[in-house]
Amino acid sequence: MRFKFDVGERVALDGGIFSLRQQLDGNRWRLEREDNGEYVIRTQEEMLTLYRENALKFITEHLAELQLGDVEDKISLSFRDYPQTLRELAKQRLTFVKKTIGLAQGEALGVIEDVAWQLDIEAPSVQAVFDWRKRYEKSGKNICSLIPNFAQRGNRTARYPVEVLEISIELLHTNYLSEQRKSIEATLSEIRSV
């Protein structure tokens, strides 16, 4: 299997998962760490050396080694791809999670109330914080696991046939989530015309 450095490619490096976001001048790349959204700059030569030393792995081969199943099932949005409001909620949740690590549910109530007071928000339930903590730890401490999943609320039946959703997603990827991005209005117009 052959790989190449390309925008959007995902690699395992330095104990984290990174997306190649932008090729800069001088054969340098801007990589975004997916669990916290931080950027790092690496030269292509550095990454090639790390690849030869097995310190950098493309996600497809990394997941195959871990035997985690199909790569498509494991691809997720990077933290910076989410709207600012959802990122802020995830950061608040992370504060609760970090402050309650190692505490039992009975011990956590006071800590949760203190954190809520400091953040000037309503305190979540102890069970909610422990659910977030479990999800966060299960994800390998990826902050994206703390993004609220509003899609799981309310009506869960599909509103459109599977074929319509597949075509829409394909057009979104080719028209909007690409280097030559069209406007969202133009993309939606094209989806409606199909």
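That block above? That's the structure.
Values in this document were obtained by computation on a predicted structure and should not be read as measured data.

## A word on the sheet that holds strand β2 (residues 16-24)
Part 1: One open sheet accounts for five strands, arranged β4-β3-β2-β1-β5; its pairing is antiparallel. Edge positions in the sheet fall to β4 (39-43) and β5 (56-58), since each of these pairs with one other strand and no more. Each adjacent strand pair in this sheet contributes to an overall mean axis angle of 40°, direction not counted.
Part 2: With five bridges joining them, strand β3 (residues 28-33) and β4 adopt antiparallel strand pairing. Within β4, the residue paired with W29 across the bridge is R42.
Part 3: The strands touched by helix α1 (residues 44-52) are β1 (10-13), β2, β3, β4 and β5; relative to β4, the strand with the most contacts, the crossing angle is about 85°.

## A short note on the packing of helix α7 (residues 162-176) against helix α8 (residues 184-193)
Part 1: The contact between α7 and α8 brings their axes to 10 Å, and the two run at 145°. Read as a crossing pair, α7 and α8 show a hand that is right-handed. Across from S168, L171, L172, N175 and Y176 in α7, the residues of α8 making contact are I184, T187, E190 and I191.
Part 2: Broken down by class, the residue content of the contact of α7 with α8 amounts to five nonpolar, three polar and one charged.

What counts and what doesn't
- Residues numbered from 1 in each chain as written.
- Predicted model: local features only at pLDDT ≥ 70, side-chain atom pairs only at ≥ 80, totals over all residues.
- Heavy atoms only, no water.
- Pairing = 2+ DSSP bridges.
- Helix = DSSP H or I, 4+ residues; strand = E, 2+ residues; numbered from the N terminus.
- Axes fitted to C-alpha atoms, helices over the stretch in contact; angles between N-to-C directions.
- Contact = heavy atoms within 4.5 Å.
- Left-handed = near helix turned anticlockwise from the far one by under 90°.
- Nonpolar A, V, L, I, M, F, W, Y, C, P; charged D, E, K, R; others polar.

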